[in-house]
Amino acid sequence: MRAALDAAERGWYVFPLRPGGKPPALHGEKSCPRTGECASGHRKWEQRATTDPDRIRAAWSRAPFNVGIACGPSGLLVVDLDTPEHKGSSDAPDGATTFRALCERAGHAVPTTYRVRTASGGQHLYFTAPEGVRLSNTAGTVADSVDTRAWGGYVVAAGSITPAGRYEALCGSETASLPVWLQTILQPAPKPSQAPSVAIVGQSRRYADVALANETRNVATAQVGEREAKLFRAARALGRFVAWGDIPRHVVEQALQEGGEAAGLSASECRSTLRSALNWSIAHNQRRREAA
C-alpha cells in the first residue's frame, strides 16, 4: 500500500497486481460483473488505474497486492533494460550495456533519471513523455534487450516483491524528460500521406510536417552502411519544402542532425552531408509545381 501511495503522490496511475506476481489482479472481460466502474462496459487495467488515495487504500487493504504503474495515463515512457537470460540467451550483452553503447553513439551520457532495479536484475529508466505525443510499447526497437513501455503498457513499481526478488528504487528521485534523440527513434512512422507527391499549396505544409517526421525516423534507425545515404536522400527530399517556405531550413537541419547522430554518424559528418544535399535541393526546387 505504501508503495502504491508513493507512486500516486508522484502523479502515477496505479492498479493492483497479484500478490507475489506481475499479472493484473483485476477481473477480465469474460468475468466482468458490469457493475461499479464497469457499469457502462468492461474497463481494463489501464482505464481503472488511479491516483486516488482512498481507492488505493481500499484496494490494498484486501490483500498484499504488488503495484502496477500504467505508463500511458501517468505520462511516462519507461525504458526496460533486460537481462539476456530473461530473453533466452546467456551470452548476449544485457540491456544496460547495449543502451549505454547507443547513448555513446548518439553523443550523450546515459540519462540521469528515476531508476528501478527489477527482480531479475534488469533496470527500468523512467522518463516523462512529451506532451501531445502518444508513444506505444516497443520490443527491441531501441536496441537488443531494450524494450519500452508507454500507452498500453505497465511496469512493476518499486516496493513490489516476486519470488525472484524485490523491485527497488536505485537513484534519481526526479524523472527526466525523454531525450529528443531517443524520442526520434521511438516516434511511430506516420501513415503514408494520401496527397500527391507534389502537394498543392494548401496541403503542402501539413504534408511537409509528415515528411519531416518520417524522414527523421528513417535516418535515426538507419543501419551501418546506409546511414550517410539515407541522410543525404532525406535532406534532398526535405529541401523542396525549405525552398517553398513550408519548413525553415534550421528546423530541417536540427531534426536530421539529431537523427544522424542517433544513428551513429559524427556531428561533422552530418553537417557536411546536410549542407550539400540541402543546397542542391533548394537550388533545384525554387518554383512550387501545382498538382494536376
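### Notes on the packing of helix H7 (residues 227–243) against helix H9 (residues 267–283)
Reasoning step 1: Viewed as axis vectors pointing N to C, H7 and H9 meet at an angle of 40°, and their least axial separation amounts to 8 Å. It follows that H7 is oblique to H9 by the angle criterion. Two packed elements cross with a definite hand, and for H7 against H9 that hand is right-handed. Residues Glu228, Leu231, Phe232, Ala235, Arg236, Gly239, Arg240, Val242 and Ala243 of H7 form the contact with H9, whose own contacting residues are Glu269, Cys270, Thr273, Leu274, Ser276, Ala277, Leu278, Trp280, Ser281 and Ile282.
Reasoning step 2: A breakdown of the residues in the contact of H7 with H9 according to their chemical character gives eleven nonpolar, four polar and four charged.

### Looking at helix H1 (residues 2–9)
Reasoning step 1: Residues of H1 that are buried include every one of Ala4, Leu5, Ala7 and Ala8, and no others. Mapping the buried residues of H1 onto a view down its axis gives an arc of 160°, with all of them on the same face.
Reasoning step 2: Against the buried residues of H1 lie strand S1 (13–17), helix H3 (53–60) and strand S2 (66–70).
Reasoning step 3: Just beyond H1, the residue with positive phi is glycine 11, at close to 90°.

### Re the environment of isoleucine 161
Reasoning step 1: The topology assignment puts isoleucine 161 in strand S9 (residues 161–162).
Reasoning step 2: Separated by 43 residues in the primary sequence, isoleucine 161 and threonine 118 place their C-alpha atoms 9.6 Å from one another.
Reasoning step 3: Apart from the residues within four sequence positions on either side, isoleucine 161 is in contact with Gly20, Gly21, Asn66 and Arg166.

### Description of the pairing of S1
Reasoning step 1: S1 sits mainly inside the fold: four of its five residues count as buried.
Reasoning step 2: Here S1 runs beside S2; their pairing, made up of five bridges, is antiparallel. For valine 14, the partnering residue across the bridge sits in S2 and is isoleucine 69.

### Some details on the nonpolar core
Reasoning step 1: Counting 29 residues, the largest nonpolar core has Trp12, Val14, Ile56, Trp60, Ile69, Leu76 and Tyr126 as its most contacted members.
Reasoning step 2: Considering each element in turn, this core owes the most residues, four residues, to H1.
Reasoning step 3: Those residues in contact with isoleucine 56 that sit more than four places away from it in its chain are Ala4, Leu5, Ala8, Val14, Thr50 and Thr51.

### Observations regarding the sheet that holds S1
Reasoning step 1: Spatially, three strands are ordered S1-S2-S8 in an open sheet, and the strand pairing comes out antiparallel. Of all strands in the sheet, those with a lone pairing partner are S1 and strand S8 (154–156), marking the two edges. Across the sheet, the mean angle separating the axes of adjacent strands is 35° when strand polarity is ignored.
Reasoning step 2: H3 rests against S1 and S2 of the sheet, and its axis sits at about 5° to S1.

### As for the packing of H7 against helix H8 (residues 249–263)
Reasoning step 1: It is at 10 Å that the axes of H7 and H8 come closest, and there the two elements cross at 165°. One element, H7, and the other, H8, form an angle in the roughly antiparallel class. At the point where H7 passes H8, the crossing takes the right-handed sense. Between H7 and H8, the residues in contact are Arg227, Leu231, Ala234, Ala235, Leu238 and Val242 and Arg249, Val252, Leu256 and Ala263, respectively.
Reasoning step 2: By residue class, the composition of the contact of H7 with H8 is eight nonpolar, no polar and two charged.

### Description of the pattern of salt bridges
Reasoning step 1: Throughout the structure, instances matching the rule amount to eight salt bridges.
Reasoning step 2: Note that lysine 230 is salt-bridged to glutamate 226, the shortest N-O span being 3.6 Å.
Reasoning step 3: In this structure, glutamate 253 engages arginine 249 in a salt bridge whose closest nitrogen and oxygen atoms are separated by 2.9 Å. Within this pair, glutamate 253 and its partner arginine 249 are both found in helix H8, separated by four residues, close to a single helical turn.
Reasoning step 4: The class for glutamate 253 is partly exposed, based on a relative accessible area of 27%.

### Points about H7
Residues lying three or four places apart along an α-helix face the same way, a consequence of the helix completing one turn every 3.6 residues.
Reasoning step 1: Between the first and last C-alpha of H7 there are 24 Å, a value that for 17 residues agrees with the 24 Å anticipated at 1.5 Å per step.
Reasoning step 2: Roughly 25° is the biggest bend found in H7, and it falls at alanine 237.
Reasoning step 3: If you check which residues of H7 are buried, you get Arg227, Leu231, Ala234, Ala235, Leu238, Gly239, Arg240, Phe241, Val242 and Ala243.
Reasoning step 4: Phi for glycine 245, located one or two positions after H7, is positive at around 85°.

The rules we used
- Residues numbered from 1 in each chain as written.
- Predicted model: local features only at pLDDT ≥ 70, side-chain atom pairs only at ≥ 80, totals over all residues.
- Heavy atoms only, no water.
- Axes fitted to C-alpha atoms, helices over the stretch in contact; angles between N-to-C directions.
- Helix = DSSP H or I, 4+ residues; strand = E, 2+ residues; numbered from the N terminus.
- Parallel < 35°, antiparallel > 145°, perpendicular 65-115°, else oblique.
- Left-handed = near helix turned anticlockwise from the far one by under 90°.
- Contact = heavy atoms within 4.5 Å.
- Nonpolar A, V, L, I, M, F, W, Y, C, P; charged D, E, K, R; others polar.
- Buried < 20%, exposed > 50% of the residue type's maximum accessible area, 1.4 Å probe, protein only.
- Arc of directions from axis to C-beta.
- Pairing = 2+ DSSP bridges.
- Core = buried A, V, L, I, M, F, W, Y, C linked by side-chain atoms within 4.5 Å.
- Salt bridge = Lys/Arg side-chain N within 4 Å of Asp/Glu carboxyl O.
- Expected span 1.5 Å × (residues − 1).
- Bend = angle between axes of the 7 residues up to and from the residue.

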